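Residue-level structure breakdown
Now for the letters of each chain:
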Number of protein chains: 2
Amino acid sequence: MKETTKELIKSKIRTIPDFPIKGIMFRDITTLLKDADGYKIIIDDLAQKYKQMDIDIVAGIESRGFIIGGALAYKLNLPFVPIRKPGKLPGEFISQEYSLEYGTNTLQIHKDAIKTGQRVLLVDDLLATGGSAKASIDLIEKINGIVKGVAFIIELPDLGGSKVLSNYDIYSIVEFLGE
Amino acid sequence: MKETTKELIKSKIRTIPDFPIKGIMFRDITTLLKDADGYKIIIDDLAQKYKQMDIDIVAGIESRGFIIGGALAYKLNLPFVPIRKPGKLPGEFISQEYSLEYGTNTLQIHKDAIKTGQRVLLVDDLLATGGSAKASIDLIEKINGIVKGVAFIIELPDLGGSKVLSNYDIYSIVEFLGE
């Protein structure tokens, strides 16, 4: 993506200080999603990057990863698998705990969500500390999926998420420094 | 959609008894979403129906409505607006309480999510009692959006949701009777 397009995308992302807790500069993509051109640009960019990569399935992390991952899976004519917060999956599932920027949490995946050896693209909106993405990777690998890539709209490089995910092919469209 | 295609779609939806509580036959769309053809068929069907309807914006109800709504908005080259559970929206929002099949809940929308007079297509995966859809309609109308249509993958006609939404143009791809 051209630097000018990246700047355009960044300009459509709203920053809200002290959400969800004091000291966090929250990068709010709802202002990007409600811009038809901005939304199309980010999904097309991800589709362009991953269409040649032999992906079998797109996994999205609840909840904002569902929007991006759902659209991307559709564009690539791939299936979609949700990685969910506790209590939401009706079938047999496995769980993974993790620490996040402000607290702890658990993610879950259906045991039959991915077939052994399927190549998975993991999608979320934001890479911060990498906790939820790493927990999602662990879930995918526990059910014998292969993580071929991890894609984000936004990366906050100062929070070190790319180090946590250093064994994987990660990609983010834009970065916000100074976190 | 042809009846045979509807039957195909229904066959890809898994039924899990007694989730989330005893007595509920949970219609699980994750088995449909993880089938690339099934996923494409439902999004294409919705896109075909709504592409001529002069929609300005697609709103999806958290969380499964994000998958369907996100993909549909992208396909129609429209913006996407999330209607969220409490505590998730970082900007100024309004709230609407509602009763659902098993308990009560609240939904929220950003005050600036929709411009006055914008024509909104509301999307969720399932129409049961209509509580969450009606609450979402109330939110959209409170910020002066116009609800042009309400789309679901599944309707459970026995639960009466279509009566609750009788003032609106509602559409569901498949129905499960006997709930």
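This is a predicted model, so every value here is computed, not measured. (Residues numbered from 1 in each chain as written. Chains lettered and ligands numbered in written order. Predicted model: local features only at pLDDT ≥ 70, side-chain atom pairs only at ≥ 80, totals over all residues. Heavy atoms only, no water.)

Further remarks concern unusual backbone geometry. Excluding glycine, residues mostly have negative phi values, and the peptide bonds linking residues are mostly trans. Residues F19 of chain A and P20 of chain A are joined by a peptide bond in cis, for which omega reads -5°. Topologically, P20 of chain A is positioned in the loop between β1 (14–17) and β2 (25–28). Backbone torsion omega between E62 of chain B and S63 of chain B reads 0°, so that peptide bond is classified as cis. With a phi close to 60°, D54 of chain B is a non-glycine residue in the positive phi region. Among the structural elements, D54 of chain B can be located in the loop between α3 (36–50) and β3 (57–61). (Helix = DSSP H or I, 4+ residues; strand = E, 2+ residues; numbered from the N terminus.)

The description of an aromatic ring pair rests on the distance of the ring centres and on the angle between the ring planes. All names here are of chain A. Applying the stated criterion across every chain, the model contains six aromatic pairs over all chains. Between F19 and F26, the ring centres sit 5.1 Å apart and the planes meet at 85°, which makes this aromatic pair edge-to-face. The same class applies to F19 and to F26, which are both buried. In this structure, K49 packs its charged tip against the face of Y50, placed 5.4 Å from the ring centre. (Phe/Tyr/Trp six-rings, centres within 6.5 Å; stacked < 30°, edge-to-face > 60°. Buried < 20%, exposed > 50% of the residue type's maximum accessible area, 1.4 Å probe, protein only. Lys NZ or Arg CZ within 6 Å of the ring centre and 35° of its normal.)

Our focus in this paragraph is the relation of the copies chain A and chain B. By a simple turn and slide, chain A fits onto chain B: the slide is 0.0 Å along the axis, the RMSD is 0.0 Å, and the turn is 180°. Taken together, the rotation and translation relating the two chain copies correspond to the operation of a two-fold axis. In terms of proximity to the rotation axis, the leading residue of chain A is A71 of chain A, whose C-alpha is 1.9 Å off the axis. When the interface residues of chain A are mapped onto chain B, 100% of them are again interface residues, pointing to one common binding face. (Least-squares fit on C-alpha atoms with pLDDT ≥ 70 in both. Contact = heavy atoms within 4.5 Å.)

A word on helix α5 (residues 131–142) of chain B. Since the α-helix packs 3.6 residues into each turn, any two residues three or four apart lie on the same face. Residues and elements named next belong to chain B. For α5, which comprises 12 residues, the first-to-last C-alpha distance of 16 Å matches the rise-based estimate of 16 Å (1.5 Å per residue) to within 8%. Looking at the buried side of α5, the elements it contacts are β3, β4 (80–83), β5 (93–100), β6 (103–110), β7 (119–127) and β8 (146–155). With its phi angle positive at about 70°, N144 sits one or two positions after the end of α5. (Expected span 1.5 Å × (residues − 1).)

Residues and elements named next belong to chain B. With parallel pairing, five strands are arranged side by side in an open sheet as β4-β3-β7-β8-β9. Each edge of the open sheet is held by one strand with a lone partner, namely β4 and β9 (170–175). Ignoring strand direction, the axes of neighbouring strands in this sheet form an average angle of 20°. (Pairing = 2+ DSSP bridges. Axes fitted to C-alpha atoms, helices over the stretch in contact; angles between N-to-C directions.)

Bringing the pairing of strand β3 (residues 57–61) of chain A into the picture now. All names here are of chain A. When you tally the buried positions in β3, you get five out of five residues, the bulk of the element. Along β3, one buried face is formed by I57, A59 and I61 and the opposite face, lined by V58 and G60, is buried too. In terms of strand pairing, β3 meets strand β7 (residues 119–127) through four bridges, oriented parallel. Each residue of the ladder has a partner; that of V58, found in β7, is L121. At this point the chain moves from β3, through helix α4 (residues 64–75), to the parallel strand β4 (residues 80–83), and the crossover so formed is right-handed. (Right-handed = clockwise from strand over helix to strand, strands pointing away.)

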